[in-house]
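As a plain string of letters, each chain reads:
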Amino acid sequence: MDHLFGDAAERLFAQHYTPAVVRAVERGQSAQTAWQACHDAGFLDALVAEADGGAGLQLGDILPVIHAAGRHAVSAPLADTVLARAWLRAGGHAPPDGPIALAPFGLSSQDDRLTLSAAPWGRVALWILAADGRGIHLLPVDQASAIPTGGQGSLSADLSWPTGAGSVVSAAPSQSAISPNMLDGGALPGLPELAALAYTGLISGAMERILELTLDYANQRTQFGKPIGRFQAVQQQLSILVEQIWATRMAAQLAFQSDSWAPSPLLAAVGKARASAAAVMVADIAHAVHGAIGVTEEYDLQRYTRRLREWRRAAGAESYWSARIGQDALRTDSAASALDYVRTMLSTPTR
C-alpha cells in the first residue's frame, strides 16, 4: 500500500472522525466540518481524471484511504463517494457536492413513488446513486422521506421519493453478468461491483482495528494471575482471527488491482465474497475474547463489529458474490480446470 496516502488519511480521520464525532453522527448530529476536511484534502476526486479536475490516480492508489476510513469507522460514505464521482465523470456527468451513497439493489417503483429499502448510508448521504430495471438514478436525499432502519447506531434508512425525483444518469441495467471487459467500447462498470469494492476496503480496515483492540485487551486482562492472551484456548482463537483478517486484507489488495480507476468485476467479486465471509467470524471471535465489555456503549469494539455485520450484507453478502463467480466459471471454457480458472481469471487484473 502507498503509505503517503494512507498516512495522510490516517491523520485526517484521526483528527476529524474521532469516536466522539462518530457517536454523535449515529445519534443524528451533523459532521459537516469533518466531511469538508475530506473534500479539502482532495480525496473525493482522487480517481477523477486530471482533465476533469481530479488527481487521476489508479484504483490501487486509493486503497490506503478507504482502508483508513474503515479503521476509523468513518461515519460517511467516503469510499462510495470517491467511486461514484469517478463513475459519474466517466459517464459525462458533473458529480454533485456532498456525500454520495451507492445503492445497487433495493430500488423499486410502487404506486407514484420510488422506494429504496435499507439504503446504506441513507441517514448521512446527500445523494443516492441507485439502480433498478430502468437504469441508474441520481436521487437527492433531501427530497425523500426517510425512516431509519437497522439496529443501534445504524446509518441506513428506508427512502421514498415522488416519481420523477432526481435524474436518470444511465440506461444501463442494474445487474449484468460479470465480464472482464466491461469497459470495452466505453461501457462503465456496474454499481454492484463498485459498491462491493468499497465495502471490501472498509471491512479490511475495520478488521485491522478490531485486531488491535482484541490483542490489547488479551494482553491486559488477567485471570488466574496471568493475561488471558497466554491461555492456549485464547491463543487458538486469536490465531484464527489473524488468519481471517490477513486473508481479507489480501483479498482487498487483489480487488483493488487495476490499471485505471475502474475495477475488474471478477476481482471485486472475489474481494467482497472473501471479506463478507470473514466478517461474522472476526466479529464473533473478538467479542468472545472481550467478554461482556465488548458490547458496552463506552467501549469501541461494538462500533466496528456493528459496521462489519452491516457491511457484510451491503451490496450482496458472500453467497451472492460466490454465485456470480460460479456463474462466470461455468461460462468459461469447459476444458479449463478449476485451478486454471482461479489462476488465470482471479489472480490478476482481467480487464
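Residues numbered from 1 in each chain as written. Predicted model: local features only at pLDDT ≥ 70, side-chain atom pairs only at ≥ 80, totals over all residues. Heavy atoms only, no water.

If you look the protein chain up in an unreviewed UniProt entry, it shows as Acyl-CoA dehydrogenase family protein from Achromobacter spanius. You can read under Cofactor (unreviewed entry) in the UniProt record for the protein chain the words "FAD". (UniProt positions renumbered as here; feature names shortened; annotations may be inferred.)

So, the UniProt feature "domain: Acyl-CoA dehydrogenase/oxidase C-terminal" (unreviewed entry) in the protein chain
Per the UniProt entry, the sites bearing "domain: Acyl-CoA dehydrogenase/oxidase C-terminal" (unreviewed entry) are residues 204–319 in this numbering. In residues 204–319, the share of helix is 71% and the share of strand is 3%. The end C-alpha atoms are 18 Å apart. (Helix = DSSP H or I, 4+ residues; strand = E, 2+ residues; numbered from the N terminus.)

Side note on the sheet that holds strand β2 (residues 107–110)
Ordered in space as β2-β3-β7-β6, the four strands form an open sheet in which the pairing is antiparallel. One side of each edge strand has no neighbouring strand; the edge strands of this open sheet are β2 and β6 (145–148). Across the sheet, the axes of successive neighbouring strands diverge by a mean angle of 20°, strand direction being ignored. For strand β3 (residues 113–119) and strand β7 (residues 157–162), the ladder comprises five bridges, and the chain directions are antiparallel. Its bridge partner being in β7, Leu-114 is matched across the sheet by Trp-161. (Pairing = 2+ DSSP bridges. Axes fitted to C-alpha atoms, helices over the stretch in contact; angles between N-to-C directions.)

A few points about the nonpolar core
Membership of the largest hydrophobic core comes to 100 residues, with the highest contact counts inside it found for Phe-13, Ile-128, Leu-129 and Trp-161. In this structure, Trp-161 is in contact with Leu-107, Asp-112, Arg-113, Leu-114, Leu-116, Ile-128, Leu-139, Pro-140, Val-141, Gln-143 and Ala-144, ignoring residues within four places of it in sequence. Ranked by size, the runner-up nonpolar core spans twelve residues in total, among them Ala-196, Ala-269, Ile-325 and Met-345. (Core = buried A, V, L, I, M, F, W, Y, C linked by side-chain atoms within 4.5 Å. Buried < 20%, exposed > 50% of the residue type's maximum accessible area, 1.4 Å probe, protein only. Contact = heavy atoms within 4.5 Å.)

Some remarks on helix α4 (residues 63–71)
Among the nine residues that make up α4, nine are buried, leaving the element largely enclosed by the rest of the structure. The elements touched by buried residues of α4 are α1 (3–16), α5 (78–90), α6 (191–220), α7 (232–255) and α9 (301–313). Looking at the residues trailing α4, positive phi occurs at Ala-73, about 50°.

Overview of the packing of aromatic side chains
A full pass over the atoms with the stated rule returns six aromatic pairs. On the basis of an interplanar angle of 50° and a centroid distance of 6.5 Å, the ring pair of Phe-13 and Phe-43 is categorised as tilted. Within this pair, whereas Phe-13 is found in helix α1, its partner Phe-43 is found in the loop between α3 (32–41) and α4, the two being separated by 30 residues in sequence. Under the relative-accessibility criterion, Phe-13 is labelled buried at 0%. Aromatic side chains Phe-105 and Tyr-320 sit 5.3 Å apart centroid to centroid with 70° between the ring planes, which places their arrangement in the edge-to-face category. With Phe-105 in the loop between β1 (100–103) and β2 and Tyr-320 in helix α10 (residues 318–331), this residue pair connects regions lying 215 residues apart in the sequence. By relative accessible area, Tyr-320 is classed as partly exposed at 22%. (Phe/Tyr/Trp six-rings, centres within 6.5 Å; stacked < 30°, edge-to-face > 60°.)

Quick look at the pattern of salt bridges
A side chain with one charge may pair with a side chain of the opposite charge, provided their charged atoms come close. Taken as a whole and assessed by the stated rule, the structure comprises 18 salt bridges. Across the salt bridge formed by Glu-26 and Arg-307, the nearest N and O atoms sit 2.6 Å from each other. Pair noted here: Glu-26 is in helix α2 (residues 19–26) and Arg-307 is in helix α9, with a separation of 281 residues, a long-range link. Where Arg-309 meets Asp-284, a salt bridge forms, and the shortest distance between an N and an O atom there is 2.5 Å. Of this pair, Arg-309 sits in helix α9 while Asp-284 is found in helix α8 (residues 265–290), placing the two residues 25 residues apart along the sequence. Assessed through its relative accessible area of 33%, Arg-309 is described here as partly exposed. Residues joined by salt bridges that share partners form a network here, namely Glu-10, Arg-71, Glu-208, Arg-209, Glu-212 and Arg-249. (Salt bridge = Lys/Arg side-chain N within 4 Å of Asp/Glu carboxyl O.)

Here we look at the sheet that holds strand β5 (residues 135–140)
If you walk across this open sheet you meet the four strands as β1-β4-β5-β8, and the pairing is mixed. Each having just a single partner strand, β1 and β8 (167–170) make up the two edges of the open sheet. Each strand of the sheet is rotated relative to its neighbour by a mean of 30°, with strand direction disregarded. Summarising the sheet, β5 and β8 pair through three bridges and their orientation is antiparallel. Paired with His-137 across the two strands is Val-168, which belongs to β8. Along the sheet, α5 makes contact with β1, β4 (127–132), β5 and β8, crossing β1 at roughly 85°.

Here's the deal with the pairing of β7
Relative to β7, β6 runs antiparallel, the two sharing four bridges. The residue of β7 that forms the bridge with Ser-145 is Ser-160.

Some details on the side chain of Lys-272
Tracing the chain through its elements places Lys-272 in helix α8. We note that Lys-272 is buried and unpaired, the nearest opposite charge coming from Glu-318 at a distance of 6.5 Å. In this structure Lys-272 touches Ala-196, Tyr-199, Thr-200, Trp-311, Arg-312, Ala-314, Gly-316, Ala-317 and Trp-321, once residues within four positions along its chain are discounted. (Lys, Arg positive; Asp, Glu negative; His and termini not counted.)

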